[in-house]
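Letter by letter, the chains look like this.
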Amino acid sequence: MEEIGFLGLGIMGKAMSMNLLSHGFKVTVWNRTLSRCDELVEHGATIGETPAAVIKKCKYTIAMLSDPAAALSVVFDKDGVLEQIGTGKNYIDMSTVDAETSSKISEAITSKGGCFLEAPVSGSKKPAEDGQLVILAAGERALYDAALPVFDVLGKKSFFLGQVGNGAKMKLVVNMTMGSMMNAFSEGIVLADKSGLNPQTLLDVLDLGAIANPMFKMKGPSMIQGSYPPAFPLKHQQKDMRLALALGDENSVAMPVAAASNEAFKKARSMGLGDLDFSAVHETVASGKGSS
Ligand SMILES: NC(=O)C1=CN([C@@H]2O[C@H](COP(=O)(O)OP(=O)(O)OC[C@H]3O[C@@H](n4cnc5c(N)ncnc54)[C@H](OP(=O)(O)O)[C@@H]3O)[C@@H](O)[C@H]2O)C=CC1
Ligand SMILES: O=CC(=O)O
C-alpha cells in the first residue's frame, strides 16, 4: 500500500500511526494541535499542514478523532478533507461516532468520487500500541479489502459489517455494554470495601469466576488505589453512552442500566474527571458524591 495519511494524533492516533511507521509504512500526519506531530516526525513521519494537504498527498487517509463534531469539522471545514477528495482517493474514519455522522461523511466523500469506509475500533491505548485492536468496518467493500494490510498491523481481527452505519452501531453497542459493566464493577469495589471486605480479594474472586474479563483485571488494581491514568478518556466513554442511548431511542429499546450509567459518567464529568480514564467513574461512588 502507498503512503498512508493519518489525521488525529490523540491517545489512539499516536499509537496507531507509530505502529504503522514501525511496520515500514510511510505515514504523513496531521493534528489540530500541530506540535503533537513532532514525536511522530522523530520516528520518520512527514507532516501535512492541513487535512486537505494530507488527502492531496496520500491515496489512503485514516482519521482518528474525538467525536462527531471533530469528525465532521475535519471533513467539511476550510482546508478539510472534502477540498481534495475525489476519484482514486480513499478515506477511512476510525473515530467512534454515530451512524448519522458517518453517513453524512460517506455521502459527501462518495458524491465527489472518493471511497469511504468507517472502521471504529474496540480496544484501548495498550491494544493500539500492541496492534491488537478489533476493527469494526463498514462501507465500501473494495476499500476494506485494500486496507487489510493496514488493519492487520493495527488489529488482531477485522470484521466487515456491511453498509455504512453498521460499524458505528456495533462500536456503540459494545461501549454501552462496557460502560455499564464499569459502573457495576465500581459499585462492587466500593460495596466490598465499605462492608469490611478486602477489595483486592474481590478482584481475585472475580478473576476466577464466570465474569472474569480483561477490563476488570487491568483496571481493578489502579481503581482500588484511586489512580486513573487516561487510556480511554471518561469524556469519550460518556459520549459513547450518549450516542448509544440515542440509538436505543431510535429503535425503541429500553436501556435503564445504560441510562443510569450515563448519569454516573455525567456526574464524573461534572466533578472534573473527564480527561481521566473512564474507570474514574469509580470516584462517583467511592467519594460518596454519587447521585444514588
Ligand atoms: N482511547 C481509547 O481507549 C479509545 C478511543 N476510541 C475512540 O477513538 C477516538 C479518539 O480517541 P482518543 O485518541 O482516546 O482521544 P484523544 O482525546 O486522546 O484525541 C482526540 C483527537 O481528536 C482531535 N480533535 C478533537 N477535536 C477536534 C476538532 N474539532 N478538530 C480537529 N481535531 C480534533 C484532537 O486534536 P488535539 O490534539 O488538537 O486536541 C486529538 O487528535 C474517539 O472517538 C474515541 O472514542 C476508540 C477505542 C479506544
Ligand atoms: O472505546 C474504548 C475501548 O476500550 O474500546
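Residues numbered from 1 in each chain as written. Chains lettered and ligands numbered in written order. Predicted model: local features only at pLDDT ≥ 70, side-chain atom pairs only at ≥ 80, totals over all residues. Heavy atoms only, no water.

## Some thoughts on helix 5 (residues 99-111)
Point 1. Over its 13 residues, helix 5 runs 18 Å from end to end, which matches the ideal 18 Å to within 8%, given 1.5 Å per residue.
Point 2. Packed against the buried residues of helix 5 are helix 4 (68-76), strand 5 (90-93), strand 6 (115-118) and helix 8 (166-194). (Helix = DSSP H or I, 4+ residues; strand = E, 2+ residues; numbered from the N terminus. Expected span 1.5 Å × (residues − 1). Contact = heavy atoms within 4.5 Å.)

## Some remarks on unusual backbone geometry
Point 1. Phi is positive for Asp79, which is not a glycine, with a value near 65°.
Point 2. Within the secondary structure layout, Asp79 lies in the loop between helix 4 and strand 5.
Point 3. One non-glycine residue with positive phi stands out, namely Ser252, at about 50°.
Point 4. In this fold, Ser252 is placed in the loop between helix 11 (234-250) and helix 12 (256-270).
Point 5. According to the relative accessible area criterion, Ser252 is exposed, its value standing at 69%. (Buried < 20%, exposed > 50% of the residue type's maximum accessible area, 1.4 Å probe, protein only.)

## Remarks on the site of ligand 2
Point 1. In the vicinity of ligand 2, the contacting residues are Ser122, Gly123, Ser124, Lys171, Asn175, Met178 and Phe232.
Point 2. With respect to ligand 2, the side chain of Lys171 contributes an N or O atom lying 2.7 Å from an oxygen atom.
Point 3. Across the complex, the protein chains shield 90% of the 200 Å² of accessible surface that ligand 2 would expose by itself.
Point 4. With three residues, helix 8 is the single largest residue contributor to the shell around ligand 2.
Point 5. Looking at the shell around ligand 2 residue by residue, the class counts come to two nonpolar, four polar and one charged.
Point 6. Among the domains, domain 1 (4-162) and domain 2 (169-286) are the pair contributing at least three residues each to the shell around ligand 2. (Near = heavy atom within 4 Å. Polar contact = N/O pair within 3.5 Å; in protein donor to acceptor, adjacent residues only side chain to side chain. Areas by Shrake-Rupley, 256 points an atom, 1.4 Å probe, with all protein chains shown as cover. Nonpolar A, V, L, I, M, F, W, Y, C, P; charged D, E, K, R; others polar. Domains from an automatic or database assignment.)

## Brief notes about the site of ligand 1
Point 1. Taken together, 26 residues lie near ligand 1, and Asn31, Thr33, Arg36, Ser124 and Lys239 sit nearest.
Point 2. Within the contact set of ligand 1, an oxygen atom lies 2.9 Å away from a side-chain nitrogen or oxygen of His236.
Point 3. Taking Lys239, its side chain carries an N or O atom lying 2.8 Å from an oxygen atom of ligand 1.
Point 4. Looking at the shell around ligand 1, the elements that each hand over two or more residues are helix 1 (11-22), helix 4 and helix 11.
Point 5. By residue class, the composition of the shell around ligand 1 is 12 nonpolar, nine polar and five charged.
Point 6. Per-domain counts for the shell around ligand 1 show at least three residues from each of domain 1 (4-162) and domain 2 (169-286).

## Re helix 7 (residues 141-154)
Point 1. The terminal C-alpha atoms of helix 7, which comprises 14 residues, lie 18 Å apart, in line with the 20 Å expected from a rise of 1.5 Å per residue.
Point 2. Residue Leu148 marks the point of greatest curvature in helix 7, where the axis turns by about 55°; the proline Pro149 follows within four residues.
Point 3. Looking only at helix 7, the buried set comprises Leu143, Tyr144, Ala147, Val150, Phe151, Val153 and Leu154. (Bend = angle between axes of the 7 residues up to and from the residue.)

## Re the UniProt feature "domain: 6-phosphogluconate dehydrogenase NADP-binding" (unreviewed entry) in the protein chain
Point 1. Cross-referencing UniProt, the feature "domain: 6-phosphogluconate dehydrogenase NADP-binding" (unreviewed entry) maps to residues 3-162 in the present numbering.
Point 2. In the segment residues 3-162, helix accounts for 41% and strand for 23%; the C-alpha atoms at its two ends are 26 Å apart. (UniProt positions renumbered as here; feature names shortened; annotations may be inferred.)

## Things to note about the UniProt feature "active site" (unreviewed entry) in the protein chain
Point 1. As annotated in UniProt, the feature "active site" (unreviewed entry) corresponds to Lys171 in the numbering used here.
Point 2. Taking the relative accessible area as the measure of exposure, Lys171 reaches 4% and is therefore buried.
Point 3. For Lys171, the residues in contact, after removing those within four places along its chain, are Thr96, Pro120, Val121, Ser122 and Leu136.

## A few points about the environment of Lys239
Point 1. By the element assignment, Lys239 lies in helix 11.
Point 2. For the pair Lys239 and Gly5, spaced 234 residues apart in sequence, the C-alpha to C-alpha distance is 26 Å.
Point 3. Lys239 has contacts with Ser66, Asp67, Pro68 and Thr96, leaving out every residue within four places of it along the chain.

## Examining the environment of Ala168
Point 1. As for its position among the elements, Ala168 is in helix 8.
Point 2. A relative accessible area of 2% means that Ala168 is categorised as buried.
Point 3. Non-local contacts of Ala168, meaning those with residues more than four positions away in its chain, are made with Val97, Asp98, Ala99, Glu118 and Pro120.

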